[in-house]
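The lines below spell out each chain.
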Amino acid sequence: MPPLSFRLRLFLSFSLLWLLFLVGALYLAGRGVERALRGHLERGLLEDARKAAEAYQKGLSGSLIATGGVYLHLYAEDGEPLLLTRPEHRLEPEALRGAGETPRVTFREGFAAAWARTPLGLLVLTQDTAPIDLALAALRRSLVEAFFLLFPVGVGLVYLTARLAARPLEEAAREIARRNPERLEPVPLTLPQDEFGRMVKAVNGLLEALKEAKERERAFLAEASHELRTPLTVLLGHLDRLSRNPQDEEALRTARATAERMRRLVEDLLALARGEAGWSLNLHIVDLEALAKEAAQEYGVAFQGEGAEVLGDPDRLLQMLRNLLANGVRAAGKEGVWVRLRRDGGLALLEVEDRGPGIPEDLLPRLFQRFARGPGGGVGLGLAIAQAIAKAHGGEISVESRPGRTVFRVRLPLLEEGEAE
């Protein structure tokens, strides 16, 4: 059996509430009218009984006449009737025993009776309840008719209310059902900030996050292929040389080094994709000037600097410089990029400057985050790797940018005296 829809569940719930409310309201209305009628009759009989008892006490019983549907009866103390003006209103002796000085009323089938103690005996006043019974029967018929009239009308209103209340949710459900991995645009619904509105807003946020994650996945694949293309081309070139000259030791060494660099690059990319922060370093004394000059020549950009030695992994540092240079060349071309190296206290300061269009201010705080999209078409993977390498060497990378000038500054601890030993 398929589950009930939200609209149907809402309709059934409201209909049940309307049924309970209507039955309760009509029942209370009938009971209220019945109590009012019987209370009015009871108060009238008690007042008449009190007045009759006072008249008998004063010897004025001859002036009392049973009129207006009220009948006078006289009983002995033991409950035996002395005078019955309406025999069908006779009370049993058991009902009159123990009667006190205060008048009271009792209801019997078809009539009501009130009695009071007098010098002659028990004075009983009775009155037919048939008019009340007829009025109550008419009232019950009217209440039943009102129920069969109001219940369908209320159910119709409940259906309209449930339909109107469930319509935004049903529209949102239809729109969400149309979404798939290839269609992740937000749900085009404008709702007030109630439960439905907050739910659609949360779903739109989730769709936007999924869309960004999918774009980042595509960007990661593109950037990974870009990062692997250069060393793979070098490796294939040396393997071609080895195929022609198997004794070429230099080509073999270069091929092995390139393959090792590719292996570490793949590990770095996977670690970065998983959000890992650990970087393995093969530490050497690195001539940062020679390393920076090599990278600058590789990309065909200008270099100016002084000697500086650091303790680090030459392959990692070269990878960091290549990522920064690739970012600059992509933004400004080879002619618009400069590399400078100088000492700054106990730090080596390496600057990569370009004359590109600059980096938007809103992107600067997250420029080194993974997959942050750069203005030159990059996705930030190279810069994220570069920053991670710098931090693994105890340094950091900062950036300053405005239209026409962007400078990446890499600060690394210089090799201290005696540390080389």
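Here the structure is a predicted model, which means the values were calculated and not measured.

For the rest of this paragraph, the subject is the overall build of the protein chain. A count of helical and extended segments in the protein chain gives eight helices and 12 strands. Looking at the protein chain as a whole, 36% of its 421 residues are labelled buried. Within the protein chain, counting contacts between residues at least 6 apart in sequence, those at least 24 apart form 62% of the total. Entry remark: accessible area of the protein chain is about 24300 Å², with carbon and sulfur atoms responsible for 57%.

Turning our eyes to something else, we now look at the UniProt feature "transmembrane region" (unreviewed entry) in the protein chain. Taking the numbering used here, the UniProt-annotated feature "transmembrane region" (unreviewed entry) corresponds to residues 6–29 and 146–166. When the span residues 6–29 is considered, its composition is 100% helix and 0% strand, and the gap between its end C-alpha atoms is 34 Å. Each end of residues 146–166 is marked by a C-alpha atom, and these two atoms are 30 Å apart; helix forms 100% of the span and strand 0%.

With that settled, the discussion passes to the pattern of salt bridges. Side-chain pairing between opposite charges can occur once the charged atoms of the two side chains come close. What the rule picks out here adds up to 16 salt bridges. The residue Glu34 makes a salt bridge to Arg31 at a minimum N-O spacing of 3.7 Å. One end of the pair, Glu34, and the other, Arg31, are both in helix H1 (residues 6–57), three residues apart, so they sit about a helical turn from each other. Look at Arg31 and you get partly exposed, because its relative accessible area is 35%. Of the charged contacts in the structure, one is a salt bridge between Asp128 and Arg86, with a shortest N-O distance of 3.7 Å. Within this pair, whereas Asp128 is found in strand S5 (residues 121–128), its partner Arg86 is found in the loop between strand S2 (81–84) and helix H2 (93–96), the two being separated by 42 residues in sequence. With relative accessibility at 23%, the residue Arg86 sits in the partly exposed group. Each member of the salt-bridge network shares a partner with another, and the members are Arg340, Glu351, Glu353, Arg355, Glu400, Arg405 and Arg409.

Before going further, it helps to examine the packing of helix H6 (residues 288–299) against helix H7 (residues 314–332). Between H6 and H7, whose axes approach to 10 Å, the crossing angle comes to 40°. In terms of orientation, H6 lies oblique with respect to H7. In the crossing of H6 with H7, the sense of the turn from one axis to the other is right-handed. Contact residues: Leu291, Ala292, Glu294, Ala295, Ala296, Glu298 and Tyr299 in H6; Pro314, Leu317, Leu318, Leu321, Arg322, Leu325, Ala326 and Val329 in H7.

A cluster of nonpolar side chains, namely Leu149, Leu150, Val153, Leu157, Tyr159 and Leu160, defines an oily patch on the protein surface of about 560 Å² accessible area. With respect to the secondary-structure elements, Val153 resides in helix H3 (residues 130–177). With relative accessibility at 47%, the residue Val153 sits in the partly exposed group.

Moving on: the sheet that holds strand S7 (residues 302–305). One open sheet accounts for five strands, arranged S7-S9-S10-S12-S11; its pairing is mixed. With partners counted over all chains shown, the strands left at the sheet margins are S7 and strand S11 (396–402), one partner each. On average, adjacent strands in this sheet sit at an angle of 15° to one another, irrespective of strand direction. Note: S11 against strand S12 (residues 405–413), seven bridges, orientation antiparallel. Bridge pairing in S12 places Arg402 opposite Arg405. Each of S7, strand S9 (337–344), strand S10 (347–354) and S12 touches H6; the most contacted strand, S7, lies at about 170° to it.

Analysis parameters
- Residues numbered from 1 in each chain as written.
- Predicted model: local features only at pLDDT ≥ 70, side-chain atom pairs only at ≥ 80, totals over all residues.
- Heavy atoms only, no water.
- Helix = DSSP H or I, 4+ residues; strand = E, 2+ residues; numbered from the N terminus.
- Buried < 20%, exposed > 50% of the residue type's maximum accessible area, 1.4 Å probe, protein only.
- Contact = heavy atoms within 4.5 Å.
- Areas by Shrake-Rupley, 256 points an atom, 1.4 Å probe, with all protein chains shown as cover.
- UniProt positions renumbered as here; feature names shortened; annotations may be inferred.
- Salt bridge = Lys/Arg side-chain N within 4 Å of Asp/Glu carboxyl O.
- Axes fitted to C-alpha atoms, helices over the stretch in contact; angles between N-to-C directions.
- Parallel < 35°, antiparallel > 145°, perpendicular 65-115°, else oblique.
- Left-handed = near helix turned anticlockwise from the far one by under 90°.
- Patch = residues over 30% accessible without salt bridge, like charges linked within 9 Å, V, L, I, M, F, W, Y side chains within 5 Å.
- Pairing = 2+ DSSP bridges.

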